[in-house]
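Structure assessment
Each chain is listed here by its residues.
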Amino acid sequence: MIKKTSKYGSILAFFLFIQIFKAQVSITVPSGNLHSSGLTFAEWRKPLGSYFGYERSAFIYTHTEIGQYGIINSISFYCDTLNNPGNTPLTVYMKEVDTAFFASTSTVANEESGAVMVYSDTLSSASFVKGWVTLTLTNPFLHATSNALEVIVETNATGTGNEVSLAKGFYHYVTSGYAFQYWSADNTVPSGLGTLSYKRPNIQFDVNPVSGCSGTPVAGTAASSSSPPPRAAASS
């Protein structure tokens, strides 16, 4: 009985492995990498600018926009402006949320609550080029429900920052609601309410597709690993 259970467990693990590691796909939001004009510098340099010592960005993408369940291995932002960018310490968080837009302003701490850290490193100034700037996640994120995905990006140059006000700029595109919120402060982490915007940063996800979670899991039967009881001695 134990051997049979082990055999079926190995087969299940194999199929799960195959399911997870399907060919990686790249998903750009918005499709076609459309972008808007009329950005303020505060918006334009997000999410990777470090003009202030501490800059924060939070943005939401719906499951319909992503169009795929899967393991997110990397994210990219499209850089269209460069002017002597600095080295940029970054931390990125992700979480699934049940709304497509921010209903009101909130704090960074509130947005990061319940989120998973997926990236923490410093991007050198040479990493910034015109085109897609990619962050390979140190902790890939599983997007397996039809909820929206919130991405929170911190830049931590510290002090009063290490760049001019638009050392690097990124594509944004107008959404139908407030899908973007940001914060900035010098010398200390911002603790107040953010600023809402309709102009959300464009993003590209590299995803290994998987099937989404649905329904109620069916409980299995635990297999005992203990040895069978000894047979009774035969009568002489």
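Below or above, wherever it landed, is the structure these notes cover. (Residues numbered from 1 in each chain as written. Predicted model: local features only at pLDDT ≥ 70, side-chain atom pairs only at ≥ 80, totals over all residues. Heavy atoms only, no water.)

Moving on, we get to a nonpolar patch on the surface. On the surface, Phe101, Val174, Tyr178 and Tyr198 cluster together into a nonpolar patch covering about 330 Å² of accessible area. Take Val174: it is sitting in strand β9 (residues 172-174). Overall, the relative accessible area of 42% leaves Val174 in the partly exposed class. (Patch = residues over 30% accessible without salt bridge, like charges linked within 9 Å, V, L, I, M, F, W, Y side chains within 5 Å. Areas by Shrake-Rupley, 256 points an atom, 1.4 Å probe, with all protein chains shown as cover. Salt bridge = Lys/Arg side-chain N within 4 Å of Asp/Glu carboxyl O. Helix = DSSP H or I, 4+ residues; strand = E, 2+ residues; numbered from the N terminus. Buried < 20%, exposed > 50% of the residue type's maximum accessible area, 1.4 Å probe, protein only.)

So, on to the pattern of salt bridges. One side chain can pair with another of opposite charge once the charged atoms of both are near each other. Scanning the entire structure with this criterion turns up five salt bridges. A salt bridge links Arg200 to Glu65, with the shortest nitrogen-to-oxygen separation between them at 2.8 Å. With Arg200 in strand β12 (residues 199-201) and Glu65 in helix α3 (residues 63-66), this residue pair connects regions lying 135 residues apart in the sequence. Looking at Arg200, the relative accessible area reads 5%, which means it is buried. Residue classification places Glu65 among the partly exposed positions, given a relative accessible area of 32%.

Take the packing of aromatic side chains next. Counted according to the given criterion, the structure contains ten aromatic pairs. Consider the rings of Phe59 and Phe77, whose centres lie 5.9 Å apart with planes at 80 degrees: the pair is edge-to-face. Of this pair, Phe59 sits in strand β2 (residues 54-61) while Phe77 sits in strand β3 (residues 70-82), and the two are 18 residues apart along the sequence. In this pair, the class of Phe59 matches that of Phe77, namely buried. (Phe/Tyr/Trp six-rings, centres within 6.5 Å; stacked < 30°, edge-to-face > 60°.)

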